[in-house]
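Each chain is listed here by its residues.
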Amino acid sequence: MTTPKTRRDFLRDIGVSATALPFLLNLPCFAAPGALPRKRRLIVMFSPDGVVPGTFWPDEEGTEFTLKESLKPLTPFKDRTLILRGVSDRVKGDGDNHMRGIGCLLTGIELFPGNVQGGSDTPAGWASGLSIDQEIKNYLQKNPKTRTRFGSLEFGVMVPEHADTWTRMSYAGPNKPLPPIDDPYQMFGKLYGQSKDREMLKSVLDDLREDLARVRRNVGAEDRRILEEHTSLVREMEQDLREAGRTAVGHAVPTLPAGIKRDNDAIPVISKLQIDLLVNSFAADFARVATLQYTNSVGQARMTWLGITEGQHDLSHKPDNDADAQTKLTKINAWYCEQLAYLARRLSETREPGGTGSLLDNTLIVWTNELGQGNSHTLENIPFVLVGNGLGFKMGRSLRYGGVPHNRLLMSLAHGFGHRVSRFGNPNYCGDGPLPNLT
Amino acid sequence: MTSTSPLRFLRTFLTGASLIVALAATAGMGSGRDVSAGERVYRQQCASCHGDRGQGGPGYAAPLTGTRTVSELAKYIATSMPPGPKHCPPAEAKKVAAFIHERFYSPVAQERNRPATIALSRLTVKQFRNAVADLVGAFHPAVPNDPRRGLRGEYFRNRDFDVKERVLEREDPEVRFDFGTDGPVPGQFAPHHFSIAWSGSVLAPDTGEYEFIVRSEHAVRLYVNGDAPPLIDAWVKSGNDNEYRGSLFLLGGRAYPIRLEFSKSTIGVDDSEQKKGKPAPKASISLSWKRPRLTEEVIPQRCLIPTPNAPTFVVTSPFPPDDRSMGYERGDSVSKAWDEATTAAALETANYVTARLPEITGVPPDAPDRRARLKTFCRDFMTRAFRRPLSPEKERNVLDRAFTSADPAIAVKRVVLFTLKSPGFLYREIDGAPNDPYNIASRLSFGLWDTLPDPELLRAAAAGELTDRARLRQQAERMAADPRGWNKVREFLLAWLKVDTVPDMVKNKSLYPDFDPRVASDLRASLELTLENVVRSESSDYRELMMSRSLYLNGRLAKLYGGDVPADAPFQKVEFPASVRSGVLTHPYLLAHLAYTDASSPIHRGVLVVRNLLGRVLQPPPVAVAPLAPSLHPNMTTRERVTLQTRPTACVSCHNLINPLGFTLERFDAIGRLRKLENGKTIDATGSYQDRQGKKVRFADASDLARYLSESEEAKGAFAEKMFLNLVKQPVLAYGPNTLPGLKRAFGESRYNIRRLTVDIMTIAALPPGAPTRSTTPSPTRKVTTR
């Protein structure tokens with residue numbers, strides 16, 4: 001028998017299935033000697049207006065379950081999926097359910113009183129605490145071994161241009177909402193602007209050198225000295241650029257198609273571009289935490305590409321017995337699920353740089369929503385669908401919790417990174433700590 | 001006198017530059033005696049062969065220059081000079097060596113003896129930033145042509161600034177309102193539901209980081225220098241926050257668009273019907289700022305204009321500071337840090353332009369002739385940046401080549417990047433013959449505005465008008481009258497008074513309980529008002545600056561410095577008797593700056609008069625001396641203490657000049673307030689000055705000194721020369737020996753009109769009289785020699 005080359009080879013040789021692999025790799029005894037601990041990543045994906053419970057939640061509990069219509073696109077990743085029913089947003093206070101739904105979703109804490117008036121309840125302002133993605137980002141950025149260039153990236157798809165409680169999910173702190181970037185060109189500039197700039201600089205260096213040589217010939221000996229110094233600085237810049245190029249991105253800079261407009265019908269194109277950029281940014285280790293926010297709480301996407309002309313929020317108010325509306329809402333959620341599946345597929349197809357396996361082996365995606373169901377505006381049974389093996393949860397299951405506060409799930413996410421918080425958000429909802437039965 | 005040698009005296013007098021101070025300081029006191037003894041020996045024994053300045057002579061042609069140390073030279077002389085059997089005794093050789101080394105042998109001495117020349121310079125940081133702002137902004141006015149001050153306020157009865165619901169429009173001098181629980185005008189507004197938009201421009205006096213502060217219990221949004229994103233966005237009111245801050249970097253002397261929005265309504269779902277008849281909460285709002293290094297204040301009316309200016313692109317990339325060793329910023333050296341800063345700034349600009357291509361170029365993204373029009377934009381951009389028509393080589397090599405790119409936006413980015421890194425942009429007057437019309441235009445605009453020539457000046461250059469001195473003068477007059485012209489003069493005046501960087505002013509709390517940072521900020525504003533009102537007036541009279549008996553005081557300052565001004569009054573002009581205030585030198589801001597925390601400082605005050613106002617050269621003190629603490633000599637006055645401390649021989653040569661000038665200001669305490677007694681003793685404010693001709697003048701007090709400074713040819717000449725250095729950034733001697741005397745004469749003929757002086761200086765500097773025309777072929781030197 002030959003010596004196994006990688007940890008994956010080694011594990012295969014000793015008879016451990018690929019499914020169990022990422023989980024096992026978290027255990028110190030299975031980690032290769034001297035290897036760095038594996039990277040862990042988190043993506044929170046948000047879609048609005050609740051789901052249709054009957055077409056969303058699996059009927060069964062445990063490892064044997066069937067994906068219903070809304071979740072069908074996840075079939076290829078069923079054994080890497082974990083569906084959590086019965087996790088509820090218990091945070092009360094100012095603001096209507098849509099506002100608290102998104103504002104407390106990742107923060108687990110009340111909104112401040114304010115001047116944003118919803119359809120019911122008292123007006124409210126921003127959330128009064130930071131969100132779990134930012135808590136984890138801060139934890140990772142504190143440690144030089146897990147620090148990345150951005151720490152976290154906030155992606156959006158067609159998020160309305162007004163900043164209010166309904167459009168913000170991530171918070172850097174109390175009253176500090178983070179705007180998602182929903183323009184792929186802007187995100188591209190943030191991720192790759194520097195390397196584009198370096199290329200551009202390199203391209204003008206020859207012209208600059210020529211021009212300096214020309215003016216140097218035109219001036220007297222005494223004035224030539226400053227220009228000679230300048231010329232050697234240009235030479236140094238060239239060396240610096242070459243140096244920087246060597247340590248840059250680590251993968252080919254993607255190209256974006258030109259001329260994509262920010263409008264409703266471009267949502268599918270923008271969604272794909274944003275997911276591609278997100279996967280690239282993880283491959284380049286620009287960040288280990290990301291959010292991907294489709295529209296906003298009360299989102300009104302009109303999914304014309306599915307043959308649906310009504311806005312999503314209007315549809316979500318229709319009663320349960322409106323079969324047409326429920327069918328459309330199911331289709332809409334299945335479309336979001338397709339985006340989730342595309343994200344999972346891209347991650348699974350991308351090799352973990354410098355490690356083994358794929359990015360999906362080391363990433364957990366959490367797909368969630370501000371409401372349990374649109375027409376009742378309930379904050380019970382908030383959808384939480386988890387995909388990927390990033391945090392060592394035991395995947396391939398459908399679980400029911402019977403109404404635990406979602407703060408406990410937020411704590412589980414932190415614990416999955418080794419950040420053992422004893423509370424998160426409002427401590428009254430942190431109960432016995434992280435959710436049981438996840439790992 | 002600070003120097004005994006006639007040669008040194010002459011040089012010192014002519015250039016008046018602090019460079020001499022720095023270099024001479026290396027000689028030290030001990031070798032000073034050797035130098036003068038060595039000079040006698042040299043004249044007797046060496047000069048006949050080597051020339052009187054070591055330049056070589058009949059016996060020995062090569063100049064005496066080199067890099068040996070004094071002791072190496074001394075050894076060489078003692079063992080070989082003069083040639084023949086008997087050499088110089090070692091003790092004398094040492095003195096001769098010291099003399100030679102100090103006066104012409106060492107590299108430092110050679111540098112000092114170099115004739116004054118116009119050196120090739122790069123743009124200073126200030127010039128770079130201004131030039132980029134005007135390049136991108138295509139030269140919109142720095143300040144809107146609107147004499148009104150304040151903001152335009154529009155008051156609405158709804159929550160989204162719908163013009164149909166606008167019930168009130170007026171000019172508000174500042175934004176500081178408390179509406180209580182009612183509307184802005186009782187009866188006209190629903191107390192739950194109104195909104196206000198203030199708009200116009202805000203004038204930034206200095207370059208630096210500005211912090212804007214808005215306070216309100218309700219929704220507010222503040223835009224400064226552009227529409228998106230807002231500098232402060234508190235449209236969502238959340239929690240107890242009612243104070244919002246945002247900072248941005250602004251270039252001094254320019255006005256930036258500003259818009260403040262306020263809404264008392266909720267946002268989201270409209271609830272105005274439900275609230276009718278219910279008690280309304282309170283509403284108030286204020287708009288304040290913190291200017292760079294000053295304290296917070298409500299933005300004063302004089303810095304607000306009700307017309308919005310176009311936004312300005314401000315390069316925010318940090319730069320290493322320019323060399324200020326000569327008392328003004330100059331760009332005579334390059335460094336890696338500077339090069340990297342220009343690269344970062346060029347990228348910042350290129351990215352800004354490409355991100356706003358339609359707005360900046362005026363070419364819509366779907367224009368059929370987009371490529372051609374963007375190329376035209378680039379040609380204009382390069383022409384403005386290089387301040388001359390584009391050469392065929394650049395047209396071909398840069399412009400045409402860039403536009404072979406598939407994406408014309410990439411071509412624009414490339415051109416902008418290349419242009420801002422090019423020597424033709426970064427260096428002053430580097431292309432063309434020295435006196436070609438475009439170089440004349442460039443000197444004029446950098447001299448008067450610290451930026452590129454504007455379209456009108458380029459037009460005049462193209463039309464060949466600028467070689468006509470009368471028309472050149474007309475252009476200079478036009479530019480000096482523009483707010484940019486005033487801004488440059490203002491910066492000079494602050495540097496001349498040594499307050500160009502805002503000094504820290506902390507005073508002893510128990511002695512001066514009312515002197516706090518707000519007073520210090522107010523005093524600076526008061527000085528600025530004095531300078532502006534004197535120098536921007538029609539007569540713009542230097543003598544008025546030196547003699548004026550008025551102070552600008554607000555309520556807070558009047559409480560400390562006298563004057564019948566209500567406690568909450570804004571700045572107003574207050575007249576005092578000459579015995580109280582005489583000219584800018586007695587402005588409390590300068591007096592408080594030139595003082596310790598608990599005592600006045602006649603030395604600091606005297607040094608300002610000697611160096612800056614009289615233009616005399618002072619060497620640094622031979623030894624570092626800590627001032628004597630007043631507590632060590634509790635029975636002495638400051639005057640007595642300073643006299644005691646500067647009694648040693650090493651001190652007197654300079655302090656004989658400094659102290660009697662500083663003492664005349666002794667009636668002003670550490671915060672510049674008038675006092676009659678110190679430690680129970682009457683103040684002795686008499687003083688004196690011996691001018692360069694050796695004539696001694698006596699002063700009874702500060703008003704005598706002020707009169708002397710306003711009449712003295714020496715002071716007026718020093719003012720003209722310092723102004724020249726600050727505007728032109730080259731030594732005045734490089735423009736011929738007659739330039740400074742001519743400027744002084746013209747200054748007198750104009751009744752000491754400061755604005756006229758700037759015009760006179762720039763008409764000469766832009767087109768130097770009798771300057772040799774530089775040929776375009778390489779020449780051994782590029783200088784205007786004055787030997």
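Analysis parameters
- Residues numbered from 1 in each chain as written.
- Chains lettered and ligands numbered in written order.
- Predicted model: local features only at pLDDT ≥ 70, side-chain atom pairs only at ≥ 80, totals over all residues.
- Helix = DSSP H or I, 4+ residues; strand = E, 2+ residues; numbered from the N terminus.
- Rg over C-alpha atoms; globule rule 2.2 N^0.38 Å.
- Contact = placed C-beta atoms within 7 Å.
- Buried ≥ 20, exposed ≤ 12 C-beta atoms within 10 Å, placed from the backbone.
- Nonpolar A, V, L, I, M, F, W, Y, C, P; charged D, E, K, R; others polar.
- Pairing = 2+ DSSP bridges.
- Axes fitted to C-alpha atoms, helices over the stretch in contact; angles between N-to-C directions.
- pLDDT = per-residue confidence, 0-100.
- Parallel < 35°, antiparallel > 145°, perpendicular 65-115°, else oblique.
- Left-handed = near helix turned anticlockwise from the far one by under 90°.
- Expected span 1.5 Å × (residues − 1).
- Core = buried A, V, L, I, M, F, W, Y, C linked by C-beta atoms within 7 Å.

**Q** Report on the overall build of chain B, specifying residues and quantitative values.
**A** In terms of regular secondary structure, chain B is built from 30 helices and 19 strands. Its C-alpha radius of gyration of 31 Å places chain B within 12% of the 28 Å reference for a compact globule of 787 residues. Sequence-distant contacts, at least 24 apart, represent 71% of the contacts inside chain B between residues at least 6 apart.

**Q** Can you explain the overall build of chain A? Please cite residues and give values.
**A** A tally of helices and strands in chain A yields 11 helices and nine strands. Every one of the 439 residues in chain A was classed for burial, and the buried ones make up 48%. Of all intrachain contacts in chain A linking residues separated by at least 6 positions in sequence, the fraction that spans at least 24 positions is 68%.

**Q** Describe the interface of chain A and chain B, listing the residues and the values that go with them.
**A** Frequently, the measure chosen for interface size is the accessible area removed from exposure when the parts meet. Each partner contributes residues to the interface: chain A has 40 residues there, and chain B has 41 residues. If you list the elements that add at least two residues to the side of chain A that touches chain B, you get β3 (111-117), β4 (124-127), α6 (184-218) and α7 (221-246) of chain A. The dominant element in the side of chain A that touches chain B, judged by the number of residues it contributes, is α6(A), at 12 residues. A breakdown of the residues in the side of chain A that touches chain B according to their chemical character gives 18 nonpolar, 13 polar and nine charged. The pairing of β3(A) with strand β10 (residues 267-268) of chain B spans two bridges and is classified as parallel. Bridged to A:Q117 within β10(B) is B:G268.

**Q** Can you tell me about the sheet that holds β4(A), naming the residues and giving the values?
**A** Within the open sheet, the three strands sit side by side as β4(A)-β3(A)-β10(B). Their pairing is mixed. The open sheet has two edge strands, β4 of chain A together with β10 of chain B, and neither has a second partner.

**Q** I'd like a rundown of unusual backbone geometry, residues and numbers included.
**A** All names here are of chain B. A cis amide bond, omega -15 degrees, links M81 with the succeeding residue P82. You can see P82 is positioned in the loop between α5 (70-80) and α6 (90-105). Positive phi values are uncommon outside glycine, yet R293 reaches one of about 65 degrees. Note that R293 resides in the loop between β11 (283-290) and β12 (296-298). With a phi close to 65 degrees, K498 is a non-glycine residue in the positive phi region. Structurally, the position occupied by K498 is in the loop between α19 (483-496) and α20 (517-535). Owing to 17 C-beta atoms within 10 Å, K498 belongs among the partly exposed residues under this scheme.

**Q** Would you mind going over the sheet that holds strand β2 (residues 81-88) of chain A in detail, with residue names and values included?
**A** All names here are of chain A. Strand order in the open sheet formed by seven strands is β5-β6-β1-β7-β8-β2-β9, and the pairing between neighbours is mixed. On the outer flanks of this sheet lie β5 (151-157) and β9 (397-405), each paired with one strand and no other. With direction set aside, neighbouring strand axes in the sheet form an average angle of 15 degrees. Looking at chain direction, strand β7 (residues 363-368) and strand β8 (residues 384-387) are connected through three bridges and run antiparallel. Residue W367 lies in a different strand from β8, and its bridge partner there is V385. Contacts from helix α8 (residues 267-283) reach β1 (41-46), β5, β6 (287-294) and β7, with the element oriented near 170 degrees to β5. The sheet strands contacting helix α10 (residues 323-349) are β1, β6, β7 and β8, and the helix crosses β7 at an angle near 175 degrees.

**Q** Just give me the short version of the confidence of the model for chain B, but keep the residues and values in it.
**A** All names here are of chain B. Per-residue confidence for chain B gives a mean pLDDT of 88, with 94% of residues at or over 70. The low-confidence segment residues 1-30, where pLDDT is below 50, has 44 contacts with residues more than four positions distant or belonging to other chains. Predicted complex, confidence summary: ipTM 0.78, pTM 0.82.

**Q** Give a detailed account of the packing of α8(A) against α10(A), specifying residues and quantitative values.
**A** Residue and element names in this part refer to chain A. For the pair α8 and α10, the least separation of the axes is 10 Å and the interaxial angle reads 30 degrees. One finds that α8 runs roughly parallel with respect to α10. Classified by chirality, the crossing of α10 by α8 is right-handed. Along the contact surface, α8 presents S271, I275, D276 and V279, while α10 presents Q339, Y342, L343, R346 and L347. Split into classes, the residues belonging to the contact of α8 with α10 amount to five nonpolar, two polar and two charged.

**Q** Can you lay out helix α8 (residues 125-137) of chain B for me, pointing to particular residues and giving the numbers?
**A** Residue and element names in this part refer to chain B. Look at α8: 18 Å from first C-alpha to last across 13 residues, which is about the 18 Å you get at 1.5 Å a residue. The buried fraction of α8 amounts to 12 of the 13 residues, a majority that puts the element mostly inside the structure. In this structure, the buried side of α8 is in contact with α10 (336-355), α11 (357-361), α12 (370-386), α14 (408-421) and α16 (437-449). Directly after α8, the chain includes A138, whose backbone phi takes a positive value near 50 degrees.

**Q** Explain the nonpolar core to me, using residue names and the numbers behind them.
**A** Ranked by size, the top nonpolar core spans 188 residues in total, and within it A:L340, A:I365, A:L386, B:V132 and B:V415 carry the most contacts. With 12 residues, the top contributor of residues to this core is α10(A). Once residues lying within four places of it in the same chain are set aside, the contact partners of B:V132 are B:F313, B:V315, B:A345, B:T349 and B:L420. Membership of the second largest hydrophobic core comes to 104 residues, among which are B:M479, B:L553, B:L727 and B:A765.

**Q** Provide a residue-level description of the pairing of strand β5 (residues 208-216) of chain B, including the pertinent values.
**A** All names here are of chain B. Bridge count between β5 and strand β8 (residues 243-250): eight bridges; the pairing is antiparallel. Residue E209 lies in a different strand from β8, and its bridge partner there is F249. Summarising the sheet, β5 and β11 pair through six bridges and their orientation is antiparallel. Across the sheet, residue S216 finds its bridge partner in β11, namely I285.

**Q** Residues and numbers for helix α24 (residues 602-613) of chain B, please.
**A** Residue and element names in this part refer to chain B. Counting buried positions along α24 yields 10 of 12 residues, so the element is predominantly enclosed. Those residues of α24 not exposed but buried are P602, I603, R605, G606, V607, L608, V609, V610, R611 and L613. Each element contacted by the buried residues of α24 is listed here: α25 (638-645), α26 (649-662), α27 (702-711) and α28 (713-728). Within two residues after α24, G615 carries a phi angle of roughly 70 degrees, on the positive side.

**Q** Go over the environment of B:P90, please, and point to the residues and values.
**A** Take B:P90: it is sitting in helix α6. In this structure the C-alpha to C-alpha distance between B:P90 and B:R384, which are 294 residues apart in sequence, comes to 64 Å.

**Q** Residues and numbers for the environment of A:A334, please.
**A** Residue and element names in this part refer to chain A. Structurally, A334 can be placed in helix α10. Given 20 C-beta atoms within a 10 Å radius, A334 is considered buried. For the pair A334 and D94, spaced 240 residues apart in sequence, the C-alpha to C-alpha distance is 32 Å. Discounting chain neighbours no more than four positions away, the residues touching A334 are E69, S70, K72 and P73.

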